[in-house]
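Residue-level listing of the chains:
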Amino acid sequence: MINVDLSNLGKDIDFKSFEQKVLEIDDAINNKTMAGNDYLGWADYPLNYDKEEFERIKKDAEYVRENFDVLVVCGIGGSYLGARAAIDAINGFFPDKKVEIIYMGQTVAPSYITQALKYLKNKRFAVNVISKSGTTTETAISFRMLRDLLVEQLGVEGASKAIFATTDAKKGALLELCKKYGYTRYVLPGDIGGRYSVFTAVGLFPMAVAGIDIDAFMNGMRIGRERYGSHEMNDCYKYAVARHVLHKELGYPVEMLVTFEPKLVQLGEWWKQLFGESEGKEHTGLLPDAATFTTDLHSLGQFIQEGSPILFETCLSVTKPANDIDIPHDDDNLDGLNYLDGKTMDFVQKKAMMGTIEAHSKTGGVPNILITLDRLTATTLGELMYYFMRACAMSAYLNGVNPFNQPGVEVYKKNMFHLLGKPGY
Ligand code: PA5
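Residues numbered from 1 in each chain as written. Predicted model: local features only at pLDDT ≥ 70, side-chain atom pairs only at ≥ 80, totals over all residues. Heavy atoms only, no water.

Its place among the elements puts Trp270 in helix α11 (residues 265-279). Distance in space between the C-alpha atoms of Trp270 and Val187 is 21 Å, their sequence separation being 83 residues. Residues in contact with Trp270, not counting those within four places in the same chain, are Leu81, Gly82, Ala85, Arg195, Val198, Met385, Phe388 and Met389. (Helix = DSSP H or I, 4+ residues; strand = E, 2+ residues; numbered from the N terminus. Contact = heavy atoms within 4.5 Å.)

This is the structure:
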């Protein structure tokens, strides 16, 4: 169960006054009657996903785990961030699981691409190329290079068996490549946009190859659908209303998602895209920022405490960590740490969190929303990601914008294509 604590906002919110609006939007999400209604497929996806494909993903992932050492996930934005967030959040760092996951297609930086290809040169690697449109430049260029390397290593037929593609069912350049070379193919449904796609094959295949229990993850998503798509002012909608009030009534332009675990850095990246691309349009919306404490307390902490009062914090806390470790005793005590004898790192972490929330919200006047998960597992992560997706759609609709388009992203693309000399630009 996800708990939201709104007692440190510095303001009482009259949720009753938002109830009617929230319930209208909830209805509209379920009945697909708002702007962007053709992209609301995610809302019920945990209930009606393609079971046949789901089983195929598990089988294929097992094949990759048995036959390859590395999986390259090649995609950008919504076709990459969710998988990376989930894999880091569950596996953490230095995982002992067999298949290494690396990422390409999310950059055009020549140094990154050159080093990644060099790293793969003598490795047994498979590729999961993910692109709904099939025409995203970053992804398409890296995929072309990966394909060439695979053909060099395995021949055309062998390469085709090492390529797994996730794309639209009906159209796109990647679909044409799949048809021509017979790549294994999964579908990103037409009514689901990239940033709402983590529980489709987009996230599920890389997660399954990384050894994550995707049945548990989908179950978490289903729990999320039941709890936060419920027709009431539930905790998820309270979060959406609270951030709306902080933005529109109290004038805060920035929300900072704070986590206390380095393995949640990529969840912050996913969250930034989800909210930034969904809400930031028509000259409104909160700027989503993210920080990892206590690390960033030694860089951004000063600004948060005493700098321009432009932000509120949303802290994400996990009550019981996946691992904990004792602080060792030292007879000399030259470092003065023996006052922590018998304590664990989780004890230190929790005290740091409590001290920080108190410092920022009470002393610094920075409003704080505290979201707590009991544990971080594939199931609770699924629930949390659904929680954020539902809260994001609600927030955008409360602001009066369509959460599912991203017209602003096209501007840089057109300029870049023109400068690159792409035909038609
Ligand atoms: O959320 C989105 O819709 C975007 O971030 C897209 O996922 C991203 O631009 C990649 O697009 P595509 O999957 O078409 O390559």
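Next, the rest of the story.
Here we come to the pairing of strand β3 (residues 100-104). With four of its five residues buried, β3 lies for the most part within the structure. Bridging between strand β2 (residues 70-74) and β3 involves five bridges; their strand directions are parallel. For Cys74, the partnering residue across the bridge sits in β3 and is Met104. (Buried < 20%, exposed > 50% of the residue type's maximum accessible area, 1.4 Å probe, protein only. Pairing = 2+ DSSP bridges.)

Further remarks concern the site of the ligand. Surrounding the ligand, one finds Ile76, Gly77, Gly78, Ser79, Ser131, Lys132, Ser133, Thr136, Gly194, Arg195, Gln273 and Glu277. A distance of 2.6 Å is found between an oxygen atom of the ligand and a side-chain nitrogen or oxygen belonging to Ser131. One nitrogen or oxygen atom from the main chain of Lys132 is found 2.7 Å from an oxygen atom belonging to the ligand. Notes on the ligand: free accessible area 380 Å², of which the protein chains cover 86%. Residues belonging to the shell around the ligand are distributed by class as follows: one nonpolar, eight polar and three charged. (Near = heavy atom within 4 Å. Polar contact = N/O pair within 3.5 Å; in protein donor to acceptor, adjacent residues only side chain to side chain. Areas by Shrake-Rupley, 256 points an atom, 1.4 Å probe, with all protein chains shown as cover. Nonpolar A, V, L, I, M, F, W, Y, C, P; charged D, E, K, R; others polar.)

For the rest of this paragraph, the subject is the domain arrangement of the protein chain. Taken domain by domain, the protein chain holds domain 1 (3-33 + 218-399) and domain 2 (41-212). Centre-to-centre, using C-alpha coordinates, domain 1 lies 29 Å away from domain 2. Of all residues in domain 1, Met218, Lys263 and Gln266 give up the largest surface area on contact with domain 2, accounting jointly for 28% of the area buried on that side. For the interface between domain 1 and domain 2, the tally reads two salt bridges. Residue Arg195 is joined to Glu277 by a salt bridge in which the shortest nitrogen-to-oxygen separation is 2.8 Å. Here domain 1 is connected to domain 2 by eight residue pairs in polar contact (both at pLDDT 80 or more). Elements with a contribution of two residues or more to the side of domain 1 that touches domain 2: α9 (214-228), α11 and α14 (378-398). Here the residues of the side of domain 1 that touches domain 2 sort into 16 nonpolar, four polar and eight charged. (Domains from an automatic or database assignment. Buried area = accessible area lost by both parts, 1.4 Å probe. Salt bridge = Lys/Arg side-chain N within 4 Å of Asp/Glu carboxyl O.)

This model, assessed by the stated rule, comprises zero disulfides. Not part of a disulfide, Cys74 finds its nearest cysteine sulfur in Cys178, a span of 13 Å. Of all cysteine sulfurs, the one in Cys236 lies closest to Cys392, which takes part in no disulfide; the gap is 10.0 Å. Judged by its relative accessible area of 0%, Cys392 is buried. (Disulfide = S-S within 2.5 Å.)

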